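Commentary on secondary and tertiary structure
Each chain is listed here by its residues.
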Amino acid sequence: MLLLPTLNDQTLRLLPNAAGAYILHIVVKADVALIQRQFAGKVIKHGTYFYCGSARGPGGLAARVKRHCASDKKPHWHIDALTIMPVGKVMSVLAVPDGNECDLCCWLREKFLLAVPVPGFGSSDCAVCPAHLLAVPGGALMAVNILNSIKNTASV
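A brief look at the structure comes next.

**Some words on the nonpolar core**
- With 25 residues, the main nonpolar core has Leu15, Tyr22, Leu24, Ile44, Leu82, Phe121 and Leu133 as its most contacted residues.
- Elements with a minimum of two residues in this core: strand S2 (20–28), strand S5 (47–55), helix H2 (60–69) and strand S6 (88–97).
- Among the elements that line this core, the one with the most residues is S2, at 4 residues.
- Those residues within four positions of Leu133 in sequence are excluded, and the remaining contacts are Ile44, Tyr49, Phe50, Tyr51, Ile79, Leu82, Ala115, Val116, Pro117 and Phe121.
- Membership of the second largest hydrophobic core comes to 21 residues, among which are Leu3, Cys126, Ala143 and Ile146.

**A closer look at the pattern of salt bridges**
- Under the defined criterion, the tally for this structure stands at 2 salt bridges.
- Ionic pairing is found between Lys45 and Asp31, a salt bridge with its closest N-O pair at 3.8 Å. Residue Lys45 is found in the loop between strand S4 (43–44) and S5, and its partner Asp31 is found in the loop between S2 and strand S3 (32–33); the two are separated by 14 residues along the sequence.
- By relative accessible area, Asp31 is classed as partly exposed at 43%.
- The residue Asp80 makes a salt bridge to Arg67 at a minimum N-O spacing of 3.0 Å. Pair noted here: Asp80 is in helix H3 (residues 80–83) and Arg67 is in helix H2, with a separation of 13 residues, a long-range link.
- For Asp80, a relative accessible area of 0% puts it in the buried group.

**So, the sheet that holds S2**
- Sheet architecture is open: 5 strands sit in the order S1-S6-S2-S5-S7, paired in antiparallel fashion. At either margin of the open sheet sits one strand with a lone partner, and together these are strand S1 (2–4) and strand S7 (133–136). Put simply, the sheet's adjacent strands are angled 20 degrees from each other on average, direction ignored.
- Here 3 bridges tie S1 to S6, and the two strands are oriented antiparallel to one another. Residue pairing in the sheet places Leu4 in a bridge with Val93 of S6.
- Along the sheet, H2 contacts S2, S5 and S6; its crossing angle with S2, the most-contacted strand, is approximately 15 degrees.

**Some words on the environment of Pro117**
- Checked against the element boundaries, Pro117 lands in the loop between helix H4 (101–112) and S7.
- In sequence terms Pro117 and Leu134 are 17 residues apart; their C-alpha atoms lie 6.4 Å from each other.

**Observations regarding helix H5 (residues 139–151)**
- With 13 residues, H5 extends 19 Å between its outermost C-alpha atoms, agreeing within 8% with the 18 Å of an ideal straight helix rising 1.5 Å per residue.
- Residues of H5 that are buried: Gly139, Ala143, Ile146, Leu147 and Ile150. Summarising the axial view, the buried residues of H5 lie within an arc of 95 degrees, below the 170-degree limit, and thus occupy one face.
- Of the surrounding secondary structure, the elements contacted by the buried residues of H5 are S1, S2, S5, S6, H4 and S7.

**A word on the packing of aromatic side chains**
- Under the counting rule described, the total for this entry stands at 3 aromatic pairs.
- Residues Tyr22 and Tyr51 carry aromatic rings whose centres are separated by 6.4 Å and whose planes lie at 50 degrees to one another, so their mutual orientation is tilted. You can see Tyr22 sitting in strand S2 and its partner Tyr51 sitting in strand S5, a full 29 residues away along the chain.
- The exposure class of Tyr22 is buried, given its relative accessible area of 1%.
- Taking 5.5 Å as the distance between ring centres and 40 degrees as the angle between the ring planes, the aromatic pair formed by Phe39 and Phe121 counts as tilted. Within this pair, whereas Phe39 is found in the loop between S3 and S4, its partner Phe121 is found in the loop between H4 and S7, the two being separated by 82 residues in sequence.

Rules used throughout
Residues numbered from 1 in each chain as written. Predicted model: local features only at pLDDT ≥ 70, side-chain atom pairs only at ≥ 80, totals over all residues. Heavy atoms only, no water. Core = buried A, V, L, I, M, F, W, Y, C linked by side-chain atoms within 4.5 Å. Buried < 20%, exposed > 50% of the residue type's maximum accessible area, 1.4 Å probe, protein only. Helix = DSSP H or I, 4+ residues; strand = E, 2+ residues; numbered from the N terminus. Contact = heavy atoms within 4.5 Å. Salt bridge = Lys/Arg side-chain N within 4 Å of Asp/Glu carboxyl O. Pairing = 2+ DSSP bridges. Axes fitted to C-alpha atoms, helices over the stretch in contact; angles between N-to-C directions. Expected span 1.5 Å × (residues − 1). Arc of directions from axis to C-beta. Phe/Tyr/Trp six-rings, centres within 6.5 Å; stacked < 30°, edge-to-face > 60°.

No statement about biological role is implied by the geometric values presented.
Shown next, in the form of structure tokens:
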């Protein structure tokens, strides 16, 4: 596991090109009205969130996380609605080579009792999870503490 508590060009270079899963720590600065058809009328409130994702394609974790951190990307995935500036920003990331996004998400929900703000968000291709976006009620400090706890736990 690799925890990047701060993100910049230098720290992002530490991400492996391997396949795996990741947890993005995202701060959403203003309420976001979702425009995707399946989420019509849903709003993600400003606050702190975790998004669990996977990277199995070319460039692995490095390519996927760098894309999520870019502010000038063309929206493609649900999570892009929350990571395009000035709406929100990826603050830190936990990368898990050979990890599974559903296992990470389930563990976060069960161990830290994190809630799903919008059912189905980020998990349209998943039959197991209620969503891959989770609200972190204690804000940025709580998010950092949770990511440190996961990094120091070998059971995930």
